[in-house]
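Descriptive structure summary
Okay, here's what each chain looks like letter by letter:
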Amino acid sequence: MDIARHGLQETAMDMSRELLAYAIIGLVVVIGAPLLGVMLHRRKRRRLRQRGIKKYGH
């Protein structure tokens, strides 16, 4: 009955959980985006080297 009486009101616990979830998602994006860029660059460079192109980006 307490929940029905409160309606759509959020508690501090709900807000902190949501904030923590957004913080974790943001951290994954901030760390993951540069790592993905580096990995893709290395992969492209390796594929070009396998085809016989020694220098890439010079």
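Everything below is about the structure shown above.
The text that follows walks through the structure, step by step, so that each part is easy to find. (Residues numbered from 1 in each chain as written. Predicted model: local features only at pLDDT ≥ 70, side-chain atom pairs only at ≥ 80, totals over all residues. Heavy atoms only, no water.)

**Considerations on the overall build of the protein chain**
Just so we agree on the cut-off: Secondary structure is summarised from DSSP: a helix means a run of H or I of at least four residues, a strand means a run of E of at least two, and numbering begins at the N terminus for each. Only protein chains enter the accessibility calculation, which uses a 1.4 Å probe; a residue whose area is less than 20% of its type maximum is buried, one above 50% is exposed, and one in between is partly exposed. Methods summary: accessible areas were calculated by the Shrake-Rupley approach with a probe of 1.4 Å, and residue burial reflects only the protein chains presented.
Within the protein chain one finds two helices and zero strands. The buried share of the protein chain, taken over its 58 residues, is 2%. Here the protein chain has roughly 5,900 Å² of accessible surface; of this, 65% comes from carbon and sulfur atoms.

**Structural notes on a nonpolar patch on the surface**
Put simply, the rule is: Any residue with relative accessible area above 30% and no salt bridge may belong to a patch, with like charges joined within 9 Å and the nonpolar Val, Leu, Ile, Met, Phe, Trp and Tyr side chains within 5 Å. One side-chain nitrogen of Lys or Arg within 4 Å of one carboxyl oxygen of Asp or Glu is enough to make a salt bridge.
Judged by side-chain polarity, Leu27, Val30, Ile31 and Leu35 come together as a nonpolar surface patch covering roughly 400 Å² of accessible area. When its relative accessible area of 48% is taken as the criterion, Ile31 is described as partly exposed.

**Overview of helix α2 (residues 12-50)**
Convention followed: The length a helix should cover is 1.5 Å for every residue beyond the first. Note that the bend at a residue is defined as the angle between axes fitted to the seven residues ending at it and the seven residues starting at it.
The end-to-end C-alpha distance of α2 is 56 Å, a good match for the 57 Å that 39 residues give at a rise of 1.5 Å each. Approximately 25 degrees is the largest bend angle found in α2, and it occurs at Gly32, with the proline Pro34 only one to four residues beyond.

**What about a positive patch on the surface?**
How we decide: Charged-residue counts in this description rest on Lys and Arg as positive and Asp and Glu as negative, His and the chain ends being excluded. For this purpose, a charge sits on NZ of Lys, CZ of Arg, CG of Asp or CD of Glu.
A contiguous patch of positive charge, built from Arg42, Arg43, Lys44, Arg45, Arg46, Arg47, Arg49, Arg51 and Lys54, is present on the exposed surface. Structurally, Arg43 is set in helix α2.

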